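Residue-level listing of the chains:
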Amino acid sequence: MSVDVNERAAMDGVAPPTYAEIVLDDETRDAIGAALLDLPNPVEDIDRSLARLRVVFAGLPIGQLQAVLDFGRHVDTPGVAMVRNLPVDPVLPPTPVDGRPSPDKRTFVAEGVLLGLSQLLGEPVGFTTEKSGGLIHDVVPVSAGAMTQTNQSSTVFLNFHNDIVHDEIGRYDVSNPDFLVLHCLRQDAGKQAVTYYADARDVARAIDPAVLSTLRAPLFRLNAPGSYVRDVAGGAETLAEPAPIISGPDACPEIAVSANGVHPLTGEAGHALAELQRVCREVAHQALLEPGTALLINNRKGLHARSQFAAQHDGRDRWLQRTYLRRSLWTIRYRALPDGRRVH
């Protein structure tokens, strides 16, 4: 009888690991790459593309396929996983400087890898207030956003946060993505950009119990995402209803923090927020994304961040692609648009 790493950890009285790595062998990488080389732009017929990609990624070795599937379906699995040795496009155009998809990209291996991994975790979803509802987000430094707490930034540390979604129900942590996938097409020239992930389980073990108790109280108002504040609210803060930062069972807590700011309602809550960011830096896993790597992120189990890095805005900057994923689109059907199954 085989015992997986989480079951073994539980049997030994050790906390389950919160980080994992999956490394494809060269034969698997090349087979997937060959199958994706003639892939048309997958967003033009997304459901057919996802069906095709399900067949392609079923070719992963069974242990690795199960590892990705388990990442998406179990509460005790790691909150972040690095996938290495993925196929890449044979030729890559310049990095877009405006945050939009490149019109010069001729092959879609990267998009196939991104969506192929994504559909093993959940359903790709777009939000009208993020990248115009696109299902694939090009995450690149944009000069106008260099100093912001958004994915366009480069010269500031992007604080520990979840990707959240403005919602008229008054909570921004309800309809937010369950998972993100970040796939690297081009690394920054100085190899300075580091992605961090702080799992709420590690945070809860490391933080002072009194601070944790404050973080579990409804003493915080999340600000709407920077894209919503910029594009919809005209720069005005748009705060959610008071809610806790950490919720749920001690063994598998959920955490919610907005990159664009959290308003504490008391001085004690303000201290707890500062302590949270400090502890996140202490316990966070670090990931250096480079071409051929992708990061699977559970957007509820933990918070992610990114270091500052140098950007030249000259077509050679860091270039990631990102998907937002929900385990089910049913629970956010109240947001669905009449002309788009996956756009909310």
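The shown structure was predicted, so the numbers you read here are calculated from the model rather than taken from an experiment. (Residues numbered from 1 in each chain as written. Predicted model: local features only at pLDDT ≥ 70, side-chain atom pairs only at ≥ 80, totals over all residues. Heavy atoms only, no water.)

Q: Before we go on, may I ask you to explain the overall build of the protein in this structure?
A: In terms of regular secondary structure, the protein is built from nine helices and 15 strands. Here the C-alpha atoms of the protein give a radius of gyration of 19 Å, agreeing with the 20 Å that 2.2 N^0.38 yields for 344 residues. Dimensions of the protein, computed from the C-alpha atoms along their principal axes, are close to 55 × 55 × 45 Å. Every one of the 344 residues in the protein was classed for burial, and the buried ones make up 55%. Long-range contacts, defined as pairs at least 24 residues apart, comprise 80% of the intrachain contacts of the protein with a sequence gap of at least 6. Put simply, the protein shows about 15000 Å² of open surface, and 54% of that area lies on carbon and sulfur atoms. The distance from the centre of the 33 positive side-chain charges to the centre of the 42 negative ones in the protein is 2 Å. (Helix = DSSP H or I, 4+ residues; strand = E, 2+ residues; numbered from the N terminus. Rg over C-alpha atoms; globule rule 2.2 N^0.38 Å. Buried < 20%, exposed > 50% of the residue type's maximum accessible area, 1.4 Å probe, protein only. Contact = heavy atoms within 4.5 Å. Areas by Shrake-Rupley, 256 points an atom, 1.4 Å probe, with all protein chains shown as cover. Lys, Arg positive; Asp, Glu negative; His and termini not counted. Charge placed at Lys NZ, Arg CZ, Asp CG, Glu CD.)

Q: Explanation requested: the pairing of strand β15 (residues 319–326) in the structure shown.
A: Along any regular strand the residues' side chains alternate between the sheet's two faces. With eight of eight residues buried, β15 lies mostly within the body of the structure. Residue alternation in β15 divides its side chains into two sets, W319, Q321, T323 and L325 and L320, R322, Y324 and R326, and both sets are buried. As defined by bridge partners, strand β4 (residues 137–139) adjoins β15 across three bridges and the pair is classed as antiparallel. Following the sheet pairing, D138 is matched in β15 by Q321. (Pairing = 2+ DSSP bridges.)

Q: Looking at this model, I keep getting lost on the sheet that holds strand β12 (residues 285–287). Mind explaining?
A: To summarise the sheet geometry, strands pair through backbone hydrogen bonds and adopt either a parallel or an antiparallel arrangement. Judged by pairing direction, the sheet is antiparallel, and its four strands sit side by side in the order β5-β14-β7-β12 without closing on themselves. Edge strands, defined here as strands with exactly one partner in the open sheet, are β5 (158–161) and β12. In this sheet, neighbouring strand axes are inclined to one another by 20° on average, regardless of whether the strands run parallel or antiparallel. Relative to β12, strand β7 (residues 195–199) is paired through three bridges, and the arrangement is antiparallel. In the strand pairing of β12, Y196 is matched with Q286. Sheet contacts for helix α9 (residues 267–283): β5, β7, β12 and β14 (302–306); angle to β5, the most-contacted strand, approximately 95°. (Axes fitted to C-alpha atoms, helices over the stretch in contact; angles between N-to-C directions.)

Q: Whenever I open this one, the confidence of the model for the protein confuses me. Can you help?
A: Any segment with low pLDDT has predicted coordinates that should not be analysed in fine detail. When pLDDT is averaged along the protein, the result is 91; 96% of the residues meet or exceed 70. Predicted confidence is poor over residues 1–11, with pLDDT under 50, and the contacts of this stretch with residues over four places away or in other chains come to 11 contacts. (pLDDT = per-residue confidence, 0-100.)

Q: Even after reading the chapter, I still don't get the packing of helix α4 (residues 62–73) against helix α5 (residues 109–121), so can you show me in this structure?
A: Pairs of packed helices are described in terms of their axes, by the angle between the two and the distance that separates them. Look at α4 against α5: their axes get within 7 Å of each other, and the N-to-C directions meet at 60°. Comparing their axes, α5 and α4 come out oblique. Residue-level inspection shows L65, V68, L69, F71 and G72 of α4 in contact with α5, the latter providing L117, L120 and L121. (Parallel < 35°, antiparallel > 145°, perpendicular 65-115°, else oblique.)

Q: Is there a simple way to think about the nonpolar core in this case?
A: Among soluble globular proteins, nonpolar side chains are generally buried collectively. Counting 35 residues, the largest nonpolar core has F160, L215, L222, I245 and L276 as its most contacted members. Sorting the residues of this core by element identifies β7, α6 (200–206), α7 (209–215), β8 (220–222), α8 (226–231), α9 and β14 as the ones contributing at least two each. Counting residues per element, this core draws most heavily on α9, which supplies seven residues. Once residues lying within four places of it in the same chain are set aside, the contact partners of L222 are I164, Y172, T238, L239, A240, I245, A256, V257, S258, G261 and V262. If you look at the next biggest cluster of nonpolar residues, it comprises 31 residues, including V68, L114, I136 and L296. (Core = buried A, V, L, I, M, F, W, Y, C linked by side-chain atoms within 4.5 Å.)

Q: Hey, could you run me through the packing of aromatic side chains in this one?
A: How two aromatic rings sit relative to each other is given by the distance of their centres and the angle of their planes. Across all of its chains, the model carries three aromatic pairs by this definition. When the ring of F71 is compared with that of F179, the centres are 6.1 Å apart and the planes differ by 45°; the resulting orientation is tilted. Of this pair, F71 sits in helix α4 while F179 sits in strand β6 (residues 179–186), and the two are 108 residues apart along the sequence. We note R318 situated over the ring of F309; from NZ or CZ to the ring centre the distance is 5.7 Å. The ring of W330 has R333 sitting right over it, with the charged end atom 3.9 Å from the ring centre. (Phe/Tyr/Trp six-rings, centres within 6.5 Å; stacked < 30°, edge-to-face > 60°. Lys NZ or Arg CZ within 6 Å of the ring centre and 35° of its normal.)

Q: Teacher, can you tell me more about unusual backbone geometry here?
A: Backbone phi values are negative for most residues with the exception of glycine, while trans is the configuration of most peptide bonds. Unlike most non-glycine residues, K131 shows phi in positive territory, near 55°. Looking at the secondary structure, you find K131 in the loop between β3 (123–124) and β4. Taking relative accessible area as the criterion, K131 reaches 24% and is therefore assigned partly exposed. Within the chain, H313 stands out as a residue other than glycine whose phi angle is a positive 55°.

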